[in-house]
Amino acid sequence: MAPAARIAPIEFHASAAPTLGVEWELALVDRRTRDLVNAADPLFELIEARGLTRRAHIHKELLRNTVELVTGICRTTGEAMDDLGATLAQVRELTDELGIDLYGAGTHPFAEWSSQQLTEGHRYAELIERTQWWGRQMLIWGVHVHVGISHRDKVLPILSGLLTYYPHLLALSASSPMWAGQETGYASNRSMMFQQLPTAGLPFQFHEWSEFEAFVGDQRTTGIIDNLTEIRWDIRPSPHLGTIEVRVCDGVSNRRELAALVALTHCLVVDLDQRLTAGEELPSMAPWLVQENKWRAARYGLDAIVILDSDCNERLVTDDLADLLVRLAPVAEQLGCAEELASVADIVAAGASYQRQHVVHQRTGDLRAVVEAVVAELD
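Residues numbered from 1 in each chain as written. Predicted model: local features only at pLDDT ≥ 70, side-chain atom pairs only at ≥ 80, totals over all residues. Heavy atoms only, no water.

Quick question: what am I supposed to make of the nonpolar core here?
In terms of nonpolar packing, the biggest core is built from 97 residues, with Trp-24 and Leu-264 touching the most fellow members. Residue contributions to this core peak at 12 residues, all from helix H8 (residues 255-277). If we skip the residues at most four places from it in the chain, Leu-264 touches Leu-169, Leu-172, Leu-321, Leu-324, Leu-328, Leu-341 and Val-344. Core analysis: the second largest hydrophobic core is formed by 28 residues, Val-29, Ala-200, Val-374 and Val-375 among them. (Core = buried A, V, L, I, M, F, W, Y, C linked by side-chain atoms within 4.5 Å. Buried < 20%, exposed > 50% of the residue type's maximum accessible area, 1.4 Å probe, protein only. Helix = DSSP H or I, 4+ residues; strand = E, 2+ residues; numbered from the N terminus. Contact = heavy atoms within 4.5 Å.)

Pasting the structure below:
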């Protein structure tokens, strides 16, 4: 435990309801070459010049090849998808003018990191100065889902419980099988890349909020972080928003699959919250089992055999998902996302993005055709 002098209280601004917020990262690609294009600056110049009504929902990211669409505070998955759809429609009008397309996947199949330009800003420059080669390699895109939590003492047990479902979310969303012109053999190369950054990767599993405060105190004292947003865990508390932020998923190419993943995340968090409120001890697994599950899902995607519990029982992830959807159906009804949750099964039936990309590459032998196929899925 850190000395008391290093520990500052971290206030958690609790949410009265399990609200939703979604952040959807999309890459910018050239319509002719299908390579990444550093077009964020001209895009945002147009956004400002046109005075878009959705301007506050469109954000810059680390690199100038990326745009992020974010929702406001939403009550349901459907509301979040409508919110993103309204923003997407405005952004696409401008990207059409610029001759670029939006691309939703965890990585780009052939782009070179050395050609990518950094977005201006002290925070981004400092990140690259510290992380150097690994930081410059971060040609990755993901989806982040915030779910409101009613009390800080629920946050850490729910976080640990969510880790038991980590491989389910990653396998469903896996969309990054290629890197720098190569088939990597991984369904999600993005998840393996991102964990190379300091403070990224799997979260520590704390039992008490005071332990989290002590951890943050050590991080600040030693200069590892200046603020909480620099803790880049795959699942993390967001105290200033009163949420748990789930950052497991690869980039997603379309709102149908995004809705399925958001609904599943929402239902998982609320189910764990309700079970905790009822006095149940939530499931958790040792860090080494969670780590193995992450690797299996990243490597094998929907073919992963995952570890289910602390007794080391194992099962094919798609079989476990089928039962999970049935168990969560009543929660989905409560949250108004029954249809979206049920559509998780459609991802399994049709194949996840990494599988669809493989099919295109095997058929054409052309990585530009892979980009074309991903772009065509956007809606």
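Resuming the write-up.
What's the story with the pairing of strand S5 (residues 143-148) in this structure? I'm lost.
The two faces of a sheet get side chains in turn, since along a regular strand they alternate between them. Most of S5 is tucked away: six of the six residues are buried. Taking every second residue as pointing to the same face, both faces of S5 are buried, with Val-143, Val-145 and Val-147 on one and His-144, His-146 and Gly-148 on the other. Of the strand pairs in this sheet, strand S1 (residues 20-30) and S5 are connected by five bridges, and their pairing is antiparallel. Following the sheet pairing, Trp-24 is matched in S5 by Val-143. Sheet analysis places S5 next to strand S11 (residues 243-246), joined by four bridges and oriented antiparallel. By the bridge assignment, Gly-148 is partnered in S11 with Thr-243. (Pairing = 2+ DSSP bridges.)

Help me out: how do you make sense of the pattern of salt bridges in this one?
Oppositely charged side chains may form a pair once their charged atoms are brought near each other. Enumeration over the complete set of coordinates arrives at 27 salt bridges. Of the charged contacts, one joins Glu-79 and Arg-75 as a salt bridge, the two residues approaching to 3.1 Å between their closest N and O atoms. Asp-271 is paired through a salt bridge with Arg-327; the nearest N and O atoms lie 2.9 Å apart. Taken together, the residues Asp-271 in helix H8 and Arg-327 in helix H10 (residues 317-335) connect sequence positions 56 residues apart. Asp-271 gets classed as buried once you look at its relative accessible area, which sits at 8%. (Salt bridge = Lys/Arg side-chain N within 4 Å of Asp/Glu carboxyl O.)

Help me out: how do you make sense of unusual backbone geometry in this one?
With the exception of glycine, the majority of residues adopt a negative phi angle, and the majority of peptide bonds are in the trans configuration. At Ala-180, a position not held by glycine, the phi torsion is positive, near 50°. The residue Ala-180 is located in the loop between strand S6 (178-179) and strand S7 (182-183) in this model. In this structure Ala-180 comes out as partly exposed when scored by relative accessible area, which is 35%.

Would you mind showing me how to read the side chain of Arg-247 here?
Looking at the secondary structure, you find Arg-247 in the loop between S11 and H8. At 3.4 Å, the side chain of Arg-247 forms a polar contact with the side chain of Glu-245. (Polar contact = N/O pair within 3.5 Å; in protein donor to acceptor, adjacent residues only side chain to side chain.)

Any chance you could explain the pairing of strand S3 (residues 66-70) here in plain terms?
Burial analysis of S3 places five of its five residues in the buried class, which makes it a mostly covered element. The alternating pattern of S3 places Thr-66, Glu-68 and Val-70 and Val-67 and Leu-69 on opposite faces, both of which are buried. Sheet topology note: the S1/S3 ladder contains five bridges and is antiparallel. Across the sheet, the residue bridging to Leu-26 is Val-67, located in S3. Counting the residues in the hairpin turn of strand S2 (residues 58-60) and S3 gives five residues.

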